[in-house]
Amino acid sequence: MNIVKRWKVAAAAVTFTGLPSLAMAAEANLQSDDFVGISFWLISMALVASTVFFFIERDRVDSKWKTSLTVSGLVTLVAAVHYFYMRDVWVATGETPTVYRYIDWLITVPLLMVEFFLILSAITAVPARVFWRLLIGTTLMLVFGYLGEAGYMDVTAGFVLGTAAWLYVLYEIFRGEAGQLNAENASPAVQSAFSLMRYIVTFGWAIYPIGYLMGYMMGSVDADTLNIIYNLADVLNKIAFGLIIWHVAVTESEGKAKKK
Ligand SMILES: *C/C=C(C)/C=C/C=C(C)/C=C/C1=C(C)CCCC1(C)C
């Protein structure tokens, strides 16, 4: 991509993410003591900046890593747009924007799973069934969580079934075919990125079911705390996750350039 095209992509990303909030901004103003609202603002901006960063850095890496960076940028782009809406709902009403969160997750979580598939595909041939297992597992996790959280299903049943689906995904990336492919074929840089990504899916992702458990089942955290926790979790699971992939892509691409 030449420099003009690159900047066009970046400008388009910023414009698209900025539009929805302009439409709603007039309705309510952020108060200086609304820390949840402030966290929504900070993170929405961090997501826009990350999007531009991933799209521009795509130029720096070998072709086999480019799709990974595109997907990282799409994750933060989709999340940024949802954050603009969630932020406005929160600032205007003080209510938890559950529907927007789940719509965001429904798109970004499968994309994060695509990242596992792509990082493995950059080093070896990966059967399509690995991709489908990760995709179906995460989709079921979210569908059950939503049914429970939105009241279409018993809260506990939604939690148990959603957690079972998540545990299945963890099994697949640690012990299943995806985990084995990585152990057999990857360079040290890819292996360490893959293992960091796995820890994020274990510990970073655990924040959401813990929030659900404490917020909906035990009633021990209020909406403010729950939203701050989810917002911080998104920084780790979307931006930091993307940076890990960016780092391995740059390391592998520049390492090879030096050898030539
Ligand atoms: C960027 C957003 C991410 C990575 C969201 C991840 C969400 C989860 C890992 C949610 C998990 C849940 C369960 C494991 C049980 C049911 C309730 C959920 C949906 C909160």
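Now for a quick tour of the structure. (Residues numbered from 1 in each chain as written. Predicted model: local features only at pLDDT ≥ 70, side-chain atom pairs only at ≥ 80, totals over all residues. Heavy atoms only, no water.)

In terms of helices and strands, the protein carries 9 helices and 0 strands. Secondary structure elements of the protein, listed N to C terminal, follow the sequence α-α-α-α-α-α-α-α-α. In the protein, buried positions account for 48% of the 260 residues. Taking all contacts inside the protein whose residues are at least 6 apart in sequence as the whole, residues at least 24 apart take part in 78%. For the protein, the accessible surface area stands at approximately 12,300 Å², while carbon and sulfur atoms represent 68% of it. (Helix = DSSP H or I, 4+ residues; strand = E, 2+ residues; numbered from the N terminus. Buried < 20%, exposed > 50% of the residue type's maximum accessible area, 1.4 Å probe, protein only. Contact = heavy atoms within 4.5 Å. Areas by Shrake-Rupley, 256 points an atom, 1.4 Å probe, with all protein chains shown as cover.)

Next up on the list: the packing of aromatic side chains. Here the distance between the centres and the angle between the planes together describe a pair of aromatic rings. Counted under the stated rule, the structure contains 18 aromatic pairs. Here Phe 159 and Tyr 212 contribute two aromatic rings whose centre-to-centre distance is 5.6 Å and whose plane-to-plane angle is 20°, an arrangement assigned as stacked. One end of the pair, Phe 159, is in helix α6 (residues 155-174); the other, Tyr 212, is in helix α8 (residues 188-217), with 53 residues separating them in the sequence. Tyr 212 matches Phe 159 in its accessibility class, with the two residues each being buried. Three or more aromatic residues joined by ring pairs form one cluster here, namely Tyr 102, Trp 105, Tyr 146, Tyr 152, Tyr 208 and Tyr 230. Over the ring of Trp 41 we find Arg 87; its NZ or CZ atom is 3.4 Å from the centre of that ring. (Phe/Tyr/Trp six-rings, centres within 6.5 Å; stacked < 30°, edge-to-face > 60°. Lys NZ or Arg CZ within 6 Å of the ring centre and 35° of its normal.)

It is worth spelling out helix α4 (residues 98-121) at this point. Between its terminal C-alpha atoms α4 stretches 34 Å, which fits the 34 Å expected from 24 residues at 1.5 Å a residue. Along its length, α4 shows its largest kink, about 30°, at Trp 105. For α4, a buried count of 18 out of 24 residues is recorded, marking the element as mostly surrounded by other parts of the structure. (Expected span 1.5 Å × (residues − 1). Bend = angle between axes of the 7 residues up to and from the residue.)

Take the site of the ligand next. In the neighbourhood of the ligand, 18 residues make up the surrounding shell, with Trp 105, Met 141, Trp 205, Tyr 208 and Lys 238 lying closest. Elements supplying a minimum of two residues to the shell around the ligand: α4, α5 (128-149), α6, α8 and α9 (223-259). Residue contributions to the shell around the ligand peak at 5 residues, all from α4. Split into classes, the residues belonging to the shell around the ligand amount to 11 nonpolar, 5 polar and 2 charged. (Near = heavy atom within 4 Å. Nonpolar A, V, L, I, M, F, W, Y, C, P; charged D, E, K, R; others polar.)

Turning our eyes to something else, we now look at the pattern of salt bridges. For the structure on display, the rule yields 9 salt bridges. Lys 238 is paired through a salt bridge with Asp 234; the nearest N and O atoms lie 3.2 Å apart. In this pair, Lys 238 and Asp 234 both sit in helix α9, 4 residues apart, roughly one turn of the helix. Here the two residues Lys 238 and Asp 234 agree in accessibility, since each one is buried. Connected through shared salt-bridge partners, Arg 101, Asp 104, Asp 234 and Lys 238 make up one network. (Salt bridge = Lys/Arg side-chain N within 4 Å of Asp/Glu carboxyl O.)

Turning our eyes to something else, we now look at the environment of Met 141. Its location among the elements puts Met 141 in helix α5. On the basis of relative accessible area, Met 141 is assigned to the buried category, the value being 15%. For the pair Met 141 and Gly 162, spaced 21 residues apart in the sequence, the C-alpha separation amounts to 4.0 Å. Not counting residues up to four positions away in its chain, the partners in contact with Met 141 are Val 109, Gly 162, Ala 165, Trp 166 and Trp 205.

Here we take up the packing of α4 against α8. Two packed helices can be described by the angle between their axes and the distance between those axes. For the pair α4 and α8, interaxial distance at closest approach is 11 Å and the crossing angle is 160°. Accordingly, the angle class assigned to the pair α4 and α8 is roughly antiparallel. Where α4 crosses over α8, the handedness of that crossing is left-handed. Contacts from Thr 98, Tyr 102, Trp 105, Val 109, Leu 112, Met 113, Glu 115, Phe 116, Ile 119 and Leu 120 in α4 reach Val 190, Ala 193, Phe 194, Met 197, Arg 198, Val 201, Trp 205, Tyr 208, Tyr 212 and Tyr 216 in α8. By residue class, the composition of the contact of α4 with α8 is 17 nonpolar, 1 polar and 2 charged. (Axes fitted to C-alpha atoms, helices over the stretch in contact; angles between N-to-C directions. Parallel < 35°, antiparallel > 145°, perpendicular 65-115°, else oblique. Left-handed = near helix turned anticlockwise from the far one by under 90°.)

What follows is about the nonpolar core. Counting residues in each nonpolar core, the largest one holds 54 residues, and the members touching the most others are Trp 65, Phe 116, Ile 119, Val 201, Trp 205 and Phe 241. For this core, the element with the most residues is α4, which contributes 12 residues. Apart from the residues within four sequence positions on either side, Ile 119 is in contact with Trp 65, Val 190, Ala 193, Phe 194, Met 197 and Val 248. Counting 12 residues, the second-largest nonpolar core is a separate cluster that includes Tyr 83, Phe 84, Met 86 and Trp 90. (Core = buried A, V, L, I, M, F, W, Y, C linked by side-chain atoms within 4.5 Å.)

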